[in-house]
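# Structural characterization, general
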Amino acid sequence: MAGLSAVAAFSLAVPQAVAGEAAAAQSLSCKKHVGGKTGWVECKGKGQWRTISICDFEQDRTSEWYKQNGGTKRKAVLKCWWDLADIKIEKR
């Protein structure tokens, strides 16, 4: 029986950790600018984020994860050879 209660306690802790990550991602407010072959993303708040350059006629390009503890951070997205169709922002 003792092993069973330990499993139950662990399974209850997992949703709390996920909820904490979701709350951190929600504290970020981001905007993007797409222009020609490149663009930028600006995020305000606290959390981690990265960009994915959605390129026409070539493979999409994913940046590293950026971590910020407040304030505003602007990053240029990875440049496309042809055209930048859109920018996707992932938060965690």
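To keep things clear, this report deals only with the structure shown in the data block. (Residues numbered from 1 in each chain as written. Predicted model: local features only at pLDDT ≥ 70, side-chain atom pairs only at ≥ 80, totals over all residues. Heavy atoms only, no water.)

## Quick notes on the state of the cysteines
Applying the stated criterion across every chain yields a total of 2 disulfides. Paired through a disulfide, C30 and C43 show a sulfur-sulfur distance of 2.0 Å. Judged by the sign of its S-S torsion, about 110°, the cystine formed by C30 and C43 is right-handed. Residue C30 is found in strand β1 (residues 28-35), and its partner C43 is found in strand β2 (residues 38-55); the two are separated by 13 residues along the sequence. The exposure class assigned to C30 is partly exposed, which follows from its relative accessible area of 24%. Assessed through its relative accessible area of 0%, C43 is described here as buried. Across the disulfide, C55 is cross-linked to C80 (sulfur-sulfur distance 2.0 Å). With the S-S bond torsion at -75°, the cross-link from C55 to C80 turns out left-handed. (Disulfide = S-S within 2.5 Å. Helix = DSSP H or I, 4+ residues; strand = E, 2+ residues; numbered from the N terminus. Buried < 20%, exposed > 50% of the residue type's maximum accessible area, 1.4 Å probe, protein only.)

Just geometry here; none of it tells us what the structure is for.
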